[in-house]
Amino acid sequence: MRIGILSRAAGAYSTRALMLAASRAGHQTAVMDPWKCALYIRAGSPRVMYEGSSVDHLDAVIARFGSATAAYGIEVLRQFESAGAFALNSAAAVETARHKWRSLLAFEKAGLPIPPTFTAGDANVLEKAVKRVGGYPFIAKPFEGTQGSGIILFETPVSAKSTLSALWSLSRNYIGQQFYPEAEGVDIRAMVIGEKVEGAIRRVAPKGEFRANLHCGGAGYMTRISPSMERVAVAAAKAVGLGFAGVDMLQVGQDIYVLEANPSPGLEGIETATGIDMAARVIRYVETLLKGK
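Residues numbered from 1 in each chain as written. Predicted model: local features only at pLDDT ≥ 70, side-chain atom pairs only at ≥ 80, totals over all residues. Heavy atoms only, no water.

> Explain the packing of aromatic side chains here, please?
A ring pair, where both rings are aromatic, is described by two values, the distance of the centres and the angle of the planes. Taken as a whole and assessed by the stated rule, the structure comprises four aromatic pairs. Ring geometry for F118 against F138: centres 5.8 Å apart, planes inclined by 50 degrees, an arrangement best described as tilted. Here the residue F118 occupies a position in strand β8 (residues 117-119), and F138 occupies one in strand β9 (residues 138-142), the gap between them amounting to 20 residues. There is no split in this pair, since F118 and F138 are both buried. When the centroid spacing of 5.5 Å and the interplanar angle of 40 degrees are considered together, the rings of F138 and F154 count as tilted. (Phe/Tyr/Trp six-rings, centres within 6.5 Å; stacked < 30°, edge-to-face > 60°. Helix = DSSP H or I, 4+ residues; strand = E, 2+ residues; numbered from the N terminus. Buried < 20%, exposed > 50% of the residue type's maximum accessible area, 1.4 Å probe, protein only.)

> Where do I start with the side chain of Q177 in this structure?
Inspection of the secondary structure puts Q177 in strand β11 (residues 174-178). With relative accessibility at 2%, the residue Q177 sits in the buried group. A polar contact of 3.2 Å, which involves the side chain of Q177, links it to the side chain of T117. (Polar contact = N/O pair within 3.5 Å; in protein donor to acceptor, adjacent residues only side chain to side chain.)

> What exactly am I supposed to notice about the sheet that holds strand β14 (residues 219-222) here?
Hydrogen bonds between backbone atoms are what pair the strands of a sheet, whose relative direction is either parallel or antiparallel. Spatially, five strands are ordered β14-β13-β12-β15-β16 in an open sheet, and the strand pairing comes out antiparallel. For this open sheet the edge positions go to β14 and β16 (255-262), each flanked by a neighbour on one side alone. Averaged over all pairs of adjacent strands, the angle between strand axes in this sheet comes to 30 degrees, irrespective of strand direction. Relative to β16, strand β15 (residues 244-252) runs antiparallel, the two sharing seven bridges. Paired with V252 across the strands is D255, a residue of β16. Against the sheet, helix α9 (residues 278-291) engages β12 (186-193), β13 (196-204) and β15, with an angle of about 40 degrees to β12. (Pairing = 2+ DSSP bridges. Axes fitted to C-alpha atoms, helices over the stretch in contact; angles between N-to-C directions. Contact = heavy atoms within 4.5 Å.)

> Looking at this structure, I do not really get the layout of surface pockets. What am I missing?
Empty space within the second largest pocket amounts to approximately 220 Å³. Every residue lining the second largest pocket is listed: V197, E198, G199, A200, M222, T223, R224, I225, E230, T274 and I276. Counting residues per element, the lining of the second largest pocket draws most heavily on β13, at four residues. In terms of residue class, the lining of the second largest pocket is built from five nonpolar, three polar and three charged. (1 Å grid on protein atoms, 1.4 Å probe; cavity = no way out; pocket = protein on both sides within 12 Å on 5 of 7 lines; lining within 4 Å. Points joined across faces, edges and corners; volume = space filled by probe spheres on them. Nonpolar A, V, L, I, M, F, W, Y, C, P; charged D, E, K, R; others polar.)

> Any chance you could explain the side chain of D33 here in plain terms?
Mapping D33 onto the fold places it in the loop between β2 (28-32) and β3 (37-39). For D33, the side chain forms a polar contact with the side chain of R8, separated by 3.1 Å. When near neighbours in sequence (up to four residues on either side) are disregarded, D33 contacts S7, R8 and Y50.

Geometry only, nothing functional implied.
Written out as structure tokens, the structure reads:
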């Protein structure tokens with residue numbers, strides 16, 4: 001099998017892990033920077049070229065997009081799909097999952113529990129919106145963002161109005177969500193591959209921080225999740241169309257809330273905490289799907 005990994009970070013842990021797992025399984029593997037891919041429509045064959053060579057012949061493509069590469073990377077992924085390659089996570093699914101508002105709409109449509117959430121574009125409607133999601137403090141998140149970047153905790157109307165007004169003037173859109181202090185900077189990351197949770201970690205924020213993301217200094221610990229939480233995680237990935245996802249959830253008392261489904265979840269934290277070769281399981285999943293085609 002010929003597998004392409006779309007990533008600007010060839011040396012990153014997750015990219016290297018996937019490349020090594022594919023190579024060990026006997027597959028031809030290439031890491032490609034999506035910005036170095038040239039795409040063609042009605043210009044003869046091939047449809048996709050990488051550094052001057054045709055790459056239309058790939059059997060499968062695995063996308064690893066950060067914020068900087070996502071917009072163009074999604075078009076590259078879509079082009080590979082149109083050329084006949086199987087995408088572990090489709091361009092449409094990645095696009096939906098990366099957009100916090102659209103993904104929450106998909107979760108709600110699937111009947112999944114999500115925190116009370118609003119979005120607005122003007123300071124005049126802000127206060128009423130905040131009251132409807134539980135009041136202050138509340139969390140604001142950019143429509144698109146990863147690794148906890150851009151997330152703000154607002155504790156007063158003055159700080160919320162001044163900051164969000166400035167961001168709206170720059171055409172930066174945000175969602176607002178109820179803040180759960182009882183969660184104490186802890187969330188659950190469940191790694192979903194196909195119809196199964198292959199492993200989960202409890203992420204704990206460092207002292208003085210409310211974000212539990214590992215890139216924000218959080219620590220990850222292996223955890224066993226309940227069957228109900230596993231069903232929610234699998235359903236969340238399915239709701240946005242992802243075959244491979246890191247689903248983030250909050251547990252507040254007996255209640256579970258889905259926060260997001262990450263289409264390019266990092267592997268280092270969960271592999272270190274659980275001892276599971278998650279990259280190898282991803283490659284086996286790709287093999288299984290391609291055999292069934």
